[in-house]
Amino acid sequence: MKIADLKPKVLEILHQPELPVNDKMQAVCDLLQANIDTYDWVGFYMAHETEPTLHLWNQAGEPTDHTVIPFGKGICGQVAVSNKNFVVDDVHAQDNYIACSIHVKSEVVIPMFKDGKNIGQIDIDSNTPNAFNEEDELFLEWINEHVATLL
C-alpha cells in the first residue's frame, strides 16, 4: 500500500473518540507494520517526565528487550538528544547502534514534539537495507504531528 493511501486511515484511527490514546498509537503501529512492506518493526518511544530515558509505549513486530533506552544510547537515544530525524541506511555501520534483531538492516527515527519539546519518537526498523527515503521521513513527521495533538 502506498503511503498516501495510509494517511486517511491514520486520521480515522486518531479521530475515534471512544479509543484511549494508547490504543490509537498501537493501532497506528499495527497499520504501518501491516501495510508497508519495509516497515518490519514500528514503535513509539516516549520520553520519561523526569529522567533522561525513553520508554516503549507501543510496538508492532517482533517483541524487543529494549523497552527503556537512555538518552544518547542507540539511534533512538541519539534522536532524543539531537531533536533531529535519523535515517540509517546500514545499521551495521553505526557505532552507537542497539541491535533489536539480527535481521534489521536499516532504521529511521523521527522525533515527536509538543509545544516545542521533544516528547518521544516513532522508530521503524527494516530488514531491507536503504529502506527509507524523504517520503518516509515526511510521512512519519506528519504522523508524529497528529499523534502529539492527542498527548
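Residues numbered from 1 in each chain as written. Predicted model: local features only at pLDDT ≥ 70, side-chain atom pairs only at ≥ 80, totals over all residues. Heavy atoms only, no water.

Per an unreviewed UniProt entry, the recorded name for the protein is Histidine kinase, and the organism is Nonlabens dokdonensis.

Looking at unusual backbone geometry
Although it is not a glycine, Asp115 sits at a positive phi angle of roughly 50°. Position of Asp115 relative to the elements: it lies in the loop between strand E5 (106-114) and strand E6 (117-126). One non-glycine residue, Asn130, lies in the positive phi region at around 50°. Note that Asn130 resides in the loop between E6 and helix H4 (134-148). (Helix = DSSP H or I, 4+ residues; strand = E, 2+ residues; numbered from the N terminus.)

A closer look at helix H1 (residues 3-14)
For H1, with 12 residues, the first-to-last C-alpha span of 16 Å sits near the 16 Å given by 1.5 Å per residue. All buried positions along H1 are accounted for by Ile3, Leu6, Val10, Ile13 and Leu14. Looking straight down H1, one finds its buried side chains confined to an arc of 85°; they lie on one side. Exposed and facing more than 90 degrees away from the buried side of H1 are Ala4, Pro8 and Glu12. Looking at the buried side of H1, the elements it contacts are helix H2 (21-35) and H4. (Expected span 1.5 Å × (residues − 1). Buried < 20%, exposed > 50% of the residue type's maximum accessible area, 1.4 Å probe, protein only. Arc of directions from axis to C-beta. Contact = heavy atoms within 4.5 Å.)

Section: the packing of H2 against H4
With their axes 12 Å apart at the nearest point, H2 and H4 run at an angle of 165° to one another. Looking at the two axes, H2 sits roughly antiparallel to H4. As for the relative orientation of H2 and H4, their crossing is right-handed in sense. In this structure, H2 uses Met25, Val28 and Leu32 to contact H4, whose residues at the interface are Phe139, Leu140, Ile143 and Val147. (Axes fitted to C-alpha atoms, helices over the stretch in contact; angles between N-to-C directions. Parallel < 35°, antiparallel > 145°, perpendicular 65-115°, else oblique. Left-handed = near helix turned anticlockwise from the far one by under 90°.)

A look at H2
Here H2 is 15 residues long and its end C-alpha atoms lie 21 Å apart, about the 21 Å a rise of 1.5 Å per residue gives. Residues of H2 that are buried: Lys24, Met25, Val28, Cys29, Leu31 and Leu32. Each buried residue of H2 lies within a common arc of 165° when the element is viewed along its axis, so the set occupies one face. In this structure, the buried side of H2 is in contact with H1, strand E1 (41-47), strand E2 (53-60), E6 and H4.

Quick notes on the packing of aromatic side chains
Under the defined criterion, the tally for this structure stands at 3 aromatic pairs. Ring centres of Trp41 and Tyr45 lie 6.2 Å apart, and the angle between their planes is 35°; on these two criteria the pair is classed as tilted. Here Trp41 matches Tyr45 in class, with each residue buried. Here the guanidinium or amino end of Lys7 rests over the ring plane of Trp142, the centre of that ring lying 5.0 Å away. (Phe/Tyr/Trp six-rings, centres within 6.5 Å; stacked < 30°, edge-to-face > 60°. Lys NZ or Arg CZ within 6 Å of the ring centre and 35° of its normal.)

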